[in-house]
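Listed below, chain by chain, are the residues.
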Amino acid sequence: MKKLLCPQCRIAAMYVKNEKDERRLVYVTADGTVVPKKEDESLDGFDLSEVFCLGCSWHGSPKHMVKY
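Below: a short report on this structure. Here the structure is a predicted model, which means the values were calculated and not measured.

## Overview of the environment of V66
Here V66 is to be found in the segment after β5 (59–60). A sequence separation of 24 residues divides V66 from S42, and the C-alpha atoms of the two residues are 25 Å apart. Once residues within four sequence positions are removed from consideration, V66 is found in contact with L4, L5, C6, P7 and R10.

Given below as structure tokens:
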């Protein structure tokens, strides 16, 4: 699976939040789909319209991420 990268620091590791501010580690695939890092975890209830970078302060739409 090819992953999109943070436009600021160029890493693939991201997370998403839900209404309780709980975090779930994710990747964004080359086609823009947000997928959980651990395949057995669900993203139900999480806001997939905004991702947060684990390496820097960038956050935004998965559409703004860059290809390798």
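## Comments concerning the state of the cysteines
Taken as a whole and judged by the stated rule, the model has zero disulfides. Take C6: it sits in no disulfide, and the sulfur closest to it among the cysteines is that of C56, at 3.7 Å. A residue is classified by how much of its surface remains accessible, and C6, at 0% relative accessible area, is buried. Looking at the unpaired C53, the closest cysteine sulfur is the one in C9, lying at 3.5 Å. C53 sits in the buried class, given a relative accessible area of 6%.

## Points about the environment of V16
Among the secondary structure elements, V16 is positioned in strand β1 (residues 14–17). V16 sits in the buried class, given a relative accessible area of 0%.

## Some remarks on the sheet that holds β1
Strand order in the open sheet made by the five strands is β3-β2-β1-β4-β5, with antiparallel pairing throughout. Since the sheet does not close on itself, it has two edges, and those belong to β3 (34–36) and β5, each with one partner.

## A short note on the pattern of salt bridges
For side chains of opposite charge, pairing can occur when their charged atoms come near one another. Here the structure, examined in full by the defined rule, presents one salt bridge. With its nearest N and O atoms 3.6 Å apart, the salt bridge here joins R24 to E41. With a gap of 17 residues between them, R24 in strand β2 (residues 23–28) and E41 in the loop between β3 and β4 (51–53) connect regions that are remote in the sequence. When its relative accessible area of 27% is taken as the criterion, E41 is described as partly exposed.

## With respect to the nonpolar core
Counting 13 residues, the largest nonpolar core has M14, V16, V34, V51, W58 and M65 as the members making the most contacts within it. Of all the elements in the fold, those that place two or more residues in this core are β1, β2 and β4. Those residues within four positions of M14 in sequence are excluded, and the remaining contacts are C6, R24, L25, V26, V51, F52, C53, L54, W58 and M65.

The rules behind the values
Residues numbered from 1 in each chain as written. Predicted model: local features only at pLDDT ≥ 70, side-chain atom pairs only at ≥ 80, totals over all residues. Heavy atoms only, no water. Helix = DSSP H or I, 4+ residues; strand = E, 2+ residues; numbered from the N terminus. Contact = heavy atoms within 4.5 Å. Disulfide = S-S within 2.5 Å. Buried < 20%, exposed > 50% of the residue type's maximum accessible area, 1.4 Å probe, protein only. Pairing = 2+ DSSP bridges. Salt bridge = Lys/Arg side-chain N within 4 Å of Asp/Glu carboxyl O. Core = buried A, V, L, I, M, F, W, Y, C linked by side-chain atoms within 4.5 Å.

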